[in-house]
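Residues per chain, in single letters:
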4 protein chains.
Amino acid sequence: MNTITATFLIRCPDRKGILAAITNFFYKSGLNILICQQYTDVTRNQYYMRLKLDLNGLPCARQELEREFNEFAKQYEAKWSVHYSDYIPRVAVMVSKASHCLYDILVKQREGVLKCEIPLIIGNHPDLEYTADQFRIPFFCLPVTKETKQEQEKKVSELLAIHHIDLTVLARYMQILSPEFISKYKNKIINIHHAFLPAFQGSKPYQRAFERGVKMIGATAHYVTEDLDEGPIIEQDVVRVSHESGPTELARIGSDVETIVLSRAVKAHLESRIIEHENRTVVFSGASGM
Amino acid sequence: MNTITATFLIRCPDRKGILAAITNFFYKSGLNILICQQYTDVTRNQYYMRLKLDLNGLPCARQELEREFNEFAKQYEAKWSVHYSDYIPRVAVMVSKASHCLYDILVKQREGVLKCEIPLIIGNHPDLEYTADQFRIPFFCLPVTKETKQEQEKKVSELLAIHHIDLTVLARYMQILSPEFISKYKNKIINIHHAFLPAFQGSKPYQRAFERGVKMIGATAHYVTEDLDEGPIIEQDVVRVSHESGPTELARIGSDVETIVLSRAVKAHLESRIIEHENRTVVFSGASGM
Amino acid sequence: MNTITATFLIRCPDRKGILAAITNFFYKSGLNILICQQYTDVTRNQYYMRLKLDLNGLPCARQELEREFNEFAKQYEAKWSVHYSDYIPRVAVMVSKASHCLYDILVKQREGVLKCEIPLIIGNHPDLEYTADQFRIPFFCLPVTKETKQEQEKKVSELLAIHHIDLTVLARYMQILSPEFISKYKNKIINIHHAFLPAFQGSKPYQRAFERGVKMIGATAHYVTEDLDEGPIIEQDVVRVSHESGPTELARIGSDVETIVLSRAVKAHLESRIIEHENRTVVFSGASGM
Amino acid sequence: MNTITATFLIRCPDRKGILAAITNFFYKSGLNILICQQYTDVTRNQYYMRLKLDLNGLPCARQELEREFNEFAKQYEAKWSVHYSDYIPRVAVMVSKASHCLYDILVKQREGVLKCEIPLIIGNHPDLEYTADQFRIPFFCLPVTKETKQEQEKKVSELLAIHHIDLTVLARYMQILSPEFISKYKNKIINIHHAFLPAFQGSKPYQRAFERGVKMIGATAHYVTEDLDEGPIIEQDVVRVSHESGPTELARIGSDVETIVLSRAVKAHLESRIIEHENRTVVFSGASGM
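Please read all numbers here as calculations on a predicted model, not as lab measurements.

Conventions and cut-offs
- Residues numbered from 1 in each chain as written.
- Chains lettered and ligands numbered in written order.
- Predicted model: local features only at pLDDT ≥ 70, side-chain atom pairs only at ≥ 80, totals over all residues.
- Heavy atoms only, no water.
- Contact = heavy atoms within 4.5 Å.
- Buried area = accessible area lost by both parts, 1.4 Å probe.
- Salt bridge = Lys/Arg side-chain N within 4 Å of Asp/Glu carboxyl O.
- Polar contact = N/O pair within 3.5 Å; in protein donor to acceptor, adjacent residues only side chain to side chain.
- Helix = DSSP H or I, 4+ residues; strand = E, 2+ residues; numbered from the N terminus.
- Nonpolar A, V, L, I, M, F, W, Y, C, P; charged D, E, K, R; others polar.
- Least-squares fit on C-alpha atoms with pLDDT ≥ 70 in both.
- Buried < 20%, exposed > 50% of the residue type's maximum accessible area, 1.4 Å probe, protein only.
- Pairing = 2+ DSSP bridges.
- Axes fitted to C-alpha atoms, helices over the stretch in contact; angles between N-to-C directions.
- Phe/Tyr/Trp six-rings, centres within 6.5 Å; stacked < 30°, edge-to-face > 60°.
- Lys NZ or Arg CZ within 6 Å of the ring centre and 35° of its normal.
- Expected span 1.5 Å × (residues − 1).
- Bend = angle between axes of the 7 residues up to and from the residue.

1. What to know about the interface of chain C and chain A
Argument step 1. Listed by partner, the interface residues are 36 residues for chain C and 36 residues for chain A.
Argument step 2. Summed over both partners, the interface of chain C with chain A comes to about 3,000 Å²; 54% of that surface belongs to carbon and sulfur atoms.
Argument step 3. Across the contact surface, chain C and chain A share 6 salt bridges.
Argument step 4. Where chain C packs against chain A, one counts 22 residue pairs in polar contact (both at pLDDT 80 or more).
Argument step 5. Secondary structure elements with two or more residues in the side of chain C that touches chain A: strand E2 (32-41), helix H7 (205-212), strand E11 (233-240) and strand E13 (280-283) of chain C.
Argument step 6. In the side of chain C that touches chain A, the residues fall into 16 nonpolar, 7 polar and 13 charged.

Written out as structure tokens, the structure reads:
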């Protein structure tokens, strides 16, 4: 499909007639609605909408469309953003030593499943330079210690800025980022935690899963917030294990789940299917590939 | 929620502006849209919509609303139906000897999970009269042989008519219904097949699953059509098995899946969440309980 | 299969030749080994074994076999128990108001899936007397308040003793039992917790799951210990949910998982497939129905 | 674990005392049994066993051990094989154009999850030479047409022979191999079929899954036999889909399942955990990583 599209993500207090009002706005603009997904959270009286529009036949500049929609949105106290299909998001991947999540992202990017560019990979260890090289992606090794953390994060920030990064993926980057760093990238950093949150927050989840004797292990992808492992959950999955699996084996079994959960979350973000509000996410279905 | 609602199920050829047109129709009728779910099948150029409306403030008779919508729908060549929340569907359950699906339906009806009445149970064996008695539901034992089939189905039809049955559930009713019978109840009979269709159509699926050495077994709920086990699928699920399970054990493990799959399908039907077209179903999400 | 069998559950420090030694012991006793399952926990150097023996041809009294095995076991510092297939375990079910787990246990007992007798049901509310009546099982209503707890538990204990209860199942019995009570029934009380432990320990797990925005919900069956929701886990499972489901809907979706997880755990216990040690369980496969 | 081990896979008619006899054989040989897994197929009266032995303290040559065991096995009409942990199996991967399964195997081999060497990749299209290059593995492009098939397969056979290949993995190699070719490699070729067999045998399974309107799609790894897609199943898994997914999207969703199912099957084979008999597989648990 070569159609250029615009995807609007909208959140506002729920109100009678809101759906008709919004669809009419775009209908009058001459834009065809390709997809319309919505959800009403009755508990919090919030209305969420994802609209994908065919931009063919847009009779004005995009800025004008945005300005008009902004005026319209004010009446409904709506928060909104728009994402154009001809802009390819730029993603940085941060890693430590484990390669499985990184490989999966690189392969899926290469195969066109993840529609993004990956201009750089940052590791706090040199181990995965080999993998970056395989895919011809610049690798920056920025080791970090307690003492150098502030400085290291400053360098990371510079790299993200220089490369115009839209999304940073922590693909088993085993470091805790400082609140100062995180605060600059709200809903722009996705982490994979190797447990089924809120179970086993913090370190060594597989060891603790073994000790607790759980019968399934899982993984959780979430936006990073200042509260460790407390950020809004985007995706989770689990796999069945038995008493036979020790901690090492749990880690191996879990790695496939981590890989899949992280790439699903990144895909949802890249396709503008996520609206975050009050630490919960609305993740619209992407089953149609759109 | 004591609100009385109307649920419209609509299918029509896809067309620009269709969403705005329909939502406007109801907006102008003064009816608040509680839920709007839609799906466009680009392959077949079909548009599907489920709309749930708050009937409070309906300024006219329901018949009038329906008549007006019918006029409106003609322009779009739309097929549609409407279901009111204050009408409780009436369900007949047909069984043979296995009780697990029947129990689950009776319990879920009693608990209010399946919003329906169950005025009768029909068995071709007397075994489950005990279960019907437990729940104080009339049980009709109508044995069937090759010779008496036509006559037996006539009696079944009469019972369904007398009791104003809206939906018949074959809860492991191990008989094949005749095309004549089936043709009278298009999309009004739900069957549970104890295999993951289209694998293991026909008889003895667990035996054949064992012989084929599959590593998962499943169940499929579908509307009954004249082609055995070829009707439109509503719901499926599977469970992992291993080489250790013989045919009997597969049947026991499978029974939990049959139970869950059938009750999910019946629930979707009772909540007017299914649109069937050309042997495929669109099943709108019921996660919100609506 | 009308064979009478004995199932030995054995745990001892791991040692070279242990498997050959045990199998030889029974071979020399003239008993055929139908099933031999084992597991070595290398972390804790523990060896676990489940042996199912055909008792036909036992040339001595059972007591004599047990005495001889006990002598043999001493050399290996083995803890063991034996369960005979002609003894039908007696199970008490404790409930509050929710009926789904109770119904499933009663139906599976009736269908022969759970091989046990259920001589009584105890409720702290009268709601489920109706269900008990449906299955012709005595129902004891023992309400409990903070003040009457000690006395109520005394009555429960008496009922369990009088009815020679082997296993007590808390089928959504929403009360916390006192340490005094629990200490009398080590690994003899199974509880279903409506969350994927260790996530959402304690009360209102579905509400908290909604607030945390998890993408899957689960249930956990465990032996009850003095530490609330900290007992050894027997079985867990989960189901996918989305942002669309509010707390009430999560509870409804979760009820099917609770039901299945609890009955799997009870089945494993009744089939003598569980060995507990240091708050972890070894649950041997029951896929073969044995 | 640096211990060198021998894994025996044994199948024979079931017989009283077989377990004691075998374990005694090895006990007397002075070899410690690390793992003993067994299964009795009562339907076919077959006994299956997997034994993992610590070879430290083997007082004789391996050939002598094998000769003695062979003598012993004759009494029980046992078929058996033995696999030593210090022999690293050599695997060839055959591909067409899709890269996801190939990448996963290469990454897992590199990470040590799949303990094997991969001396060559064969493609009937040149597309994946890039991927082979990334991992520094020789790539042979052997296009095939109806006319050149015989000759092409001869070249493939030569490559497999020259490189001493133990296992050939068809990682979405979209060609049907001739019976002549297959007959030379019984249980030595693993294929991934992109459907939940026996559903959707043959070509275009995702298209047919869409048309049939299934609610889950799956993948099946099996040994290749002369009957297309009829070989013994090693592993299967599924993923939930909805009406929203067209054939292309089904293929994308399915690719993750294909990847995981294939690598699990290859892992089971490489760890000598599979015994095939009469077109069914016994796959012993590998949860302990052994």
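2. Overview of the relation of the copies chain B and chain A
Argument step 1. Superposing chain B onto chain A takes a rotation of 180° combined with a translation of 0.0 Å along the rotation axis, leaving an RMSD of 0.0 Å. A rotation of that kind, with that shift, is consistent with a two-fold axis. Closest approach to the rotation axis within chain B is made by the C-alpha atom of Ala-20 of chain B, at a distance of 3.1 Å.

3. Concerning the pairing of strand E11 (residues 233-240) of chain B
Residues and elements named next belong to chain B.
Argument step 1. The buried fraction of E11 amounts to 7 of the 8 residues, a majority that puts the element mostly inside the structure.
Argument step 2. Here strand E10 (residues 216-223) runs beside E11; their pairing, made up of 7 bridges, is antiparallel. Bridge pairing in E11 links His-222 to Ile-233.

4. Thoughts on the sheet that holds strand E4 (residues 79-84) of chain C
Residues and elements named next belong to chain C.
Argument step 1. Reading across from one edge, E2-E3-E1-E4 is the order of the 4 strands in this open sheet, with antiparallel pairing throughout. Either end of the sheet is taken by a strand with one partner, and the two such strands are E2 and E4. For this sheet the average axis-to-axis angle between neighbouring strands, irrespective of direction, equals 10°.
Argument step 2. Two strands pair when backbone bridges link them, and E2 and strand E3 (residues 46-54) are joined in this way by 9 bridges, in the antiparallel orientation. Counted as the bridge partner of Gln-38 is Met-49 from E3.
Argument step 3. Along the sheet, helix H1 (residues 18-28) makes contact with strand E1 (5-13), E2 and E3, crossing E3 at roughly 20°.

5. Re the pattern of salt bridges
Argument step 1. All chains considered together, the criterion is met by 76 salt bridges over all chains.
Argument step 2. Put simply, Glu-271 of chain C and Arg-273 of chain C hold a salt bridge, and the shortest N to O gap is 2.8 Å.
Argument step 3. On the basis of relative accessible area, Glu-271 of chain C is assigned to the buried category, the value being 17%.
Argument step 4. Between Lys-154 of chain D and Glu-158 of chain D there is a salt bridge, with its nearest N and O atoms 3.4 Å apart. In this pair, Lys-154 of chain D and Glu-158 of chain D are both assigned in helix H5 (residues 149-162), 4 residues apart and thus about one turn of the helix distant.
Argument step 5. What makes Glu-158 of chain D partly exposed here is its relative accessible area of 40%.
Argument step 6. Salt bridges sharing common partners tie together Asp-41, Arg-44, Glu-278 and Arg-280 of chain A.

6. Re the sheet that holds strand E7 (residues 139-141) of chain B
All names here are of chain B.
Argument step 1. Read across the sheet, 7 strands follow the order E7-E6-E5-E8-E9-E10-E11 without closing on themselves; strand pairing throughout is mixed. The strands lining the two open edges of the sheet, one partner per strand, are E7 and E11. Looking at each pair of strands side by side, their axes are set apart by 15° on average, direction ignored.
Argument step 2. Bridging between strand E5 (residues 90-95) and strand E6 (residues 117-123) involves 5 bridges; their strand directions are parallel. In the sheet register, Met-94 faces E6, and the bridge partner there is Ile-122.
Argument step 3. Packed on one face of the sheet, helix H5 (residues 149-162) meets E5, E6, E7 and strand E8 (167-170) and runs near 170° to E6.

7. So, the interface of chain B and chain A
Interface size, as often reported, equals the accessible area lost upon joining of the parts.
Argument step 1. Taken together, the 13 residues of chain B in the interface contact 13 residues of chain A.
Argument step 2. Between chain B and chain A, a total of about 1,200 Å² is buried, with carbon and sulfur atoms accounting for 60% of that surface.
Argument step 3. One can count 0 salt bridges joining chain B with chain A.
Argument step 4. On inspection of chain B and its partner chain A, the count reaches 6 residue pairs in polar contact (both at pLDDT 80 or more).

8. Observations regarding the environment of Lys-188 of chain D
Residues and elements named next belong to chain D.
Argument step 1. Locating Lys-188 in the fold gives a position in the loop between helix H6 (179-183) and strand E9 (189-193).
Argument step 2. Judged by relative accessible area, which is 41%, Lys-188 ranks as partly exposed.
Argument step 3. When the C-alpha atoms of Lys-188 and Thr-5 are compared, they prove to be 22 Å apart, with 183 residues separating the residues in sequence.
Argument step 4. Lys-188 has contacts with Asp-166, Leu-167, Thr-168 and Tyr-223, leaving out every residue within four places of it along the chain.

9. Notes on the packing of aromatic side chains
Ring pairs (aromatic) are described by centroid distance and by the angle formed between their planes.
Argument step 1. According to the stated counting rule, one finds 58 aromatic pairs over all chains in the structure shown.
Argument step 2. When the ring of Phe-181 of chain C is compared with that of Tyr-185 of chain C, the centres are 5.0 Å apart and the planes differ by 40°; the resulting orientation is tilted. For the pair Phe-181 of chain C and Tyr-185 of chain C, a shared accessibility class is recorded, and that class is buried.
Argument step 3. Of the aromatic side chains, those joined through ring pairs into one cluster are Phe-8, Phe-25, Phe-26, Phe-69, Phe-72, Tyr-76 and Trp-80 of chain A.
Argument step 4. Over the aromatic face of Phe-210 of chain D sits the side chain of Arg-280 of chain B, whose NZ or CZ is 3.8 Å from the ring centroid.

10. Details of the relation of the copies chain C and chain A
Argument step 1. When chain C is fitted to chain A, the best match, at an RMSD of 0.0 Å, comes from turning it 180° and sliding it 0.0 Å along the axis.
Argument step 2. Mapped onto chain A, 100% of the interface residues of chain C again fall at the interface, so both copies present the same surface.

11. Re helix H8 (residues 247-270) of chain C
All names here are of chain C.
Argument step 1. Taking 1.5 Å of rise per residue, 24 residues should cover 34 Å, and H8 covers 33 Å from first to last C-alpha, within 8% of that figure.
Argument step 2. A maximum bend of about 30° is found in H8 at Gly-254.
Argument step 3. Ser-272 lies just past H8 and shows a positive phi near 50°.

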